[in-house]
Amino acid sequence: MIVEALRGRRRPPAWAGDAEAAALVLAAELGVTNYGLTTKTVLLAVAGASLMPLRRRHPVPIAVLAGALYLAGARPPEYDAPVSAMVIALYAVGRHASGRTAVAVGALAVLVGAVSSRMSWEGVSPAAFLTVGLTPAAPVAAGHIVRLRAELLHRRQQQAAELAVREERRRIARELHDVIAHHVSVISLYMGVARRTIPLDPERARQTLLTGEDTARQAMAEMRHLLDVLRTDGEPVDDQADVGVARLPALVEESGNATLEVAGQAVELPTTVDHAIYRIVQEALTNTRKHAAGARSRVRLAYLPNLVEVEVGDDGQARPGHVGVGLGLAGMAERVSLCGGELRAGPSPQGGFVVHARIPLPEQP
C-alpha cells in the first residue's frame with residue numbers, strides 16, 4: 001500500500017517511447033539514404049521500426065534480428081543498412097538485460113562488426129578498422145550506464161521514503177505520548193475523586209470509577225492501533241492538542257483555495273484516527289500548493305457505519321517533469337496503515353490528483 005502511494009503523479013506511457021523509437025528509425029532510414037528510396041530500403045526501415053516495441057521485453061532477440069537486418073542491408077549494390085535500429089536495439093540490451101548478457105551481446109556485436117568491416121573495407125588503416133569494429137560496443141555501454149544510474153536513483157528514492165516513514169513514526173510517537181499522558185492523568189484524577197467520595201457518597205464514587213474504567217478502555221483501544229513500538233529517540237515532545245477533525249474548517253480556510261464538505265452523522269473518533277485525518281488533509285493541501293500551484297482543492301469527510309472516509313482532490317496539473325517519490329504520501333500511508341485503514345493516491349480521471357483514505361472505527365454501542 002505504501003509503495004502504491006509513492007508512485008509519481010504522471011508518468012509517460014510505455015507505448016509513447018515505443019512510438020518515438022519506431023518513428024526515429026523510419027525518419028533516419030528513409031530520410032538519409034545514399035541510393036534513393038528503393039524497395040529494399042523501405043522494407044528494411046519498416047522491419048527495423050516494427051522491432052522497437054519489443055526491445056524492452058526481449059532485448060537480446062531484438063538485437064539479433066536488428067543485426068540480421070543490418071547485415072542484409074549492408075550487401076551490395078546498395079549499402080543503406082538500418083543502422084539506427086541496430087543502435088537502439090544494442091542500447092536496449094545494455095539498458096534492460098543483465099550485466100553478463102550485455103557484455104556477451106556487445107562482444108558478439110563487436111566481432112560481427114569487425115568481420116563485416118574487414119570484408120567490406122579493403123585497404124583501410126588498422127586505426128580506422130579498430131574504430132569501426134568497436135563502434136557496436138558504444139550503445140551497449142551507454143545503455144548499461146543509464147541502467148546503473150537508474151538503479152542508483154531508485155535506491156536513493158527508497159532510502160528517502162524509508163527515512164520519511166521513520167520520521168512519521170517518530171511524530172506518531174510524540175502524539176501517542178500526548179494521548180496516553182492525557183488519559184493517565186484523567187484516570188488518576190477520577191481515582192482520587194472516588195477515593196475521597198466513597199465514605200460520603202458511594203453512588204457518586206461508583207460512577208466516577210466507571211468513568212475512569214471507560215477512560216482506561218479508550219486508552220487501550222487507541223494503543224492497539226499501533227503495529228510496533230514507536231520511539232521518540234530523545235526528541236522533544238511537541239504539543240498535539242490542536243490537531244484533529246475539529247480543526248479542519250480552520251485548516252481549509254487557511255489554505256485559501258479549498259472547500260470542505262462533511263457528510264453523515266459525526267461521531268467521536270479515537271485520537272489516533274482524529275490526528276491521522278487532520279494530517280492527511282494537511283499534507284494533501286500542502287502537496288497541491290507545491291505541485292499544482294493555483295489549483296482548487298476539495299476536502300470531503302464522510303462518517304459511515306463503523307467507518308470514516310476522507311478525500312482530498314484538486315483540479316490542477318502536475319508541474320512538467322514531476323515524478324518524485326512523494327515523501328508526504330509515505331507519511332499518509334504510514335498513518336492510515338497504523339489505524340488499520342487503506343490509502344489510495346493518484347491522478348483523477350477528471351484531471352488533478354486525489355488522495356482517498358478509509359479508516360475503520362470501533363463498533364458503536
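The structure we're discussing is the one just above.
For clarity, every value in this text was computed on a predicted model and none was experimentally measured.

Caption draft 1: Region of the structure containing the sheet that holds strand β2 (residues 297-304). Spatially, the five strands line up as an open sheet ordered β1-β2-β3-β5-β4, and their pairing is mixed. The sheet is open, and its two edges are formed by β1 (258-263) and β4 (342-347), each paired on a single side. Averaged over all pairs of adjacent strands, the angle between their axes in this sheet comes to 10°, without regard to strand direction. Examined bridge by bridge, β1 and β2 share six bridges and lie parallel to one another. The partner of Thr259 across the bridge, within β2, is Arg298. The strands touched by helix α10 (residues 248-255) are β1 and β2; relative to β1, the strand with the most contacts, the crossing angle is about 155°. Taken strand by strand, helix α11 (residues 271-291) contacts β1, β2, β3 (307-314) and β5 (353-360), and its axis lies near 10° from that of β3.

Caption draft 2: Structural view of α11. With 21 residues, α11 ought to run about 30 Å at 1.5 Å a step, and its terminal C-alpha atoms sit 30 Å apart, in line with that. The element α11 is extensively covered by neighbouring structure, given that 16 of its 21 residues are classed as buried.

Caption draft 3: A look at the pairing of β3. Where burial is concerned, most of β3 is hidden: seven out of the eight residues are buried. Pairing of β2 with β3, which is carried by eight bridges, proceeds in the antiparallel orientation. Note that in β3 the partner of Leu301 across the bridge is Val310. Between β2 and β3, which follow one another and run antiparallel, lie two residues, and Asn306 among them has a positive phi close to 60°. Bridging between β3 and β5 involves seven bridges; their strand directions are antiparallel. Each bridged residue has a counterpart across the sheet, and for Val312 the counterpart in β5 is Val355.

What counts and what doesn't
Residues numbered from 1 in each chain as written. Predicted model: local features only at pLDDT ≥ 70, side-chain atom pairs only at ≥ 80, totals over all residues. Heavy atoms only, no water. Pairing = 2+ DSSP bridges. Helix = DSSP H or I, 4+ residues; strand = E, 2+ residues; numbered from the N terminus. Axes fitted to C-alpha atoms, helices over the stretch in contact; angles between N-to-C directions. Contact = heavy atoms within 4.5 Å. Expected span 1.5 Å × (residues − 1). Buried < 20%, exposed > 50% of the residue type's maximum accessible area, 1.4 Å probe, protein only.

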